[in-house]
Amino acid sequence: MKILLQISFLFILTLLGEVISEMLPFAFPGTLIGMFLLLLLFMTGAVKEEQLAESAGFFQSYMAMFFVPAGVELVENLELLKSSWLPLLIITIASLFTTFLAAAKTVEITEWLLEKRRKE
């Protein structure tokens, strides 16, 4: 029952993010807004990591299953991909490094904010 409440909380945050996204005058992913809301809750201390640990473990253990449909779709459309493999490779490598850089900077900023908060 506990894990169901945790997952429900995460889905409510995602739904709230989607609602906020629809109200914005520009396009912005609602799921990303939901993650920002969760981050704000973590940073303010309104939600503790332990309160969502079980549901996070659940999602992590089944994460590979979510990539199966995308993999099947790639295999089904292999002929389309063969004709434009070089641009796709370049975009994939550029995206990979951009994602690594963004993740590293996010961790640095988060650590800096947490350290600043601890000193206060």
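Attention here is on the structure that accompanies the text. (Residues numbered from 1 in each chain as written. Predicted model: local features only at pLDDT ≥ 70, side-chain atom pairs only at ≥ 80, totals over all residues. Heavy atoms only, no water.)

## Focus: the pattern of salt bridges
In step 1: Counting across every chain of the model gives 4 salt bridges.
In step 2: Notably, a salt bridge pairs Glu 54 with Lys 2, separated by 3.6 Å at the nearest N-O pair. With Glu 54 in helix H3 (residues 53-61) and Lys 2 in helix H1 (residues 2-23), this pair connects stretches of sequence that are 52 residues apart.
In step 3: Its relative accessible area of 40% is what places Glu 54 among the partly exposed residues.
In step 4: When the shortest N-O distance is used, the salt bridge between Arg 118 and Glu 115 registers 3.6 Å. Linking Arg 118 with Glu 115, this pair stays in helix H7 (residues 85-119), spanning 3 residues, or about one helical turn. (Salt bridge = Lys/Arg side-chain N within 4 Å of Asp/Glu carboxyl O. Helix = DSSP H or I, 4+ residues; strand = E, 2+ residues; numbered from the N terminus. Buried < 20%, exposed > 50% of the residue type's maximum accessible area, 1.4 Å probe, protein only.)

## Things to note about helix H2 (residues 30-44)
In step 1: The end-to-end C-alpha distance of H2, which contains 15 residues, comes to 21 Å, matching closely the 21 Å that a straight helix rising 1.5 Å per residue would cover.
In step 2: In the core, the buried residues of H2 are packed alongside H1.
In step 3: Where H2 terminates, the next one or two residues include Gly 45, which has phi positive at roughly 85°. (Expected span 1.5 Å × (residues − 1). Contact = heavy atoms within 4.5 Å.)

## Thoughts on the packing of aromatic side chains
In step 1: Under the counting rule described, the total for this entry stands at 2 aromatic pairs.
In step 2: With a centroid separation of 5.6 Å and 65° between ring planes, the pair formed by Phe 58 and Phe 59 is classed as edge-to-face.
In step 3: Note on Phe 58: relative accessible area 35%, which makes it partly exposed.
In step 4: Phe 59 sits in the partly exposed class, given a relative accessible area of 28%.
In step 5: Measuring from ring centre to ring centre gives 5.1 Å for Phe 58 and Tyr 62, while their planes differ by 55°; the resulting arrangement is tilted.
In step 6: Judged by its relative accessible area of 43%, Tyr 62 falls in the partly exposed class.
In step 7: By way of ring pairs, the aromatic residues Phe 58, Phe 59 and Tyr 62 are connected into one cluster. (Phe/Tyr/Trp six-rings, centres within 6.5 Å; stacked < 30°, edge-to-face > 60°.)

Don't take any of this as a statement about function, it's just geometry.
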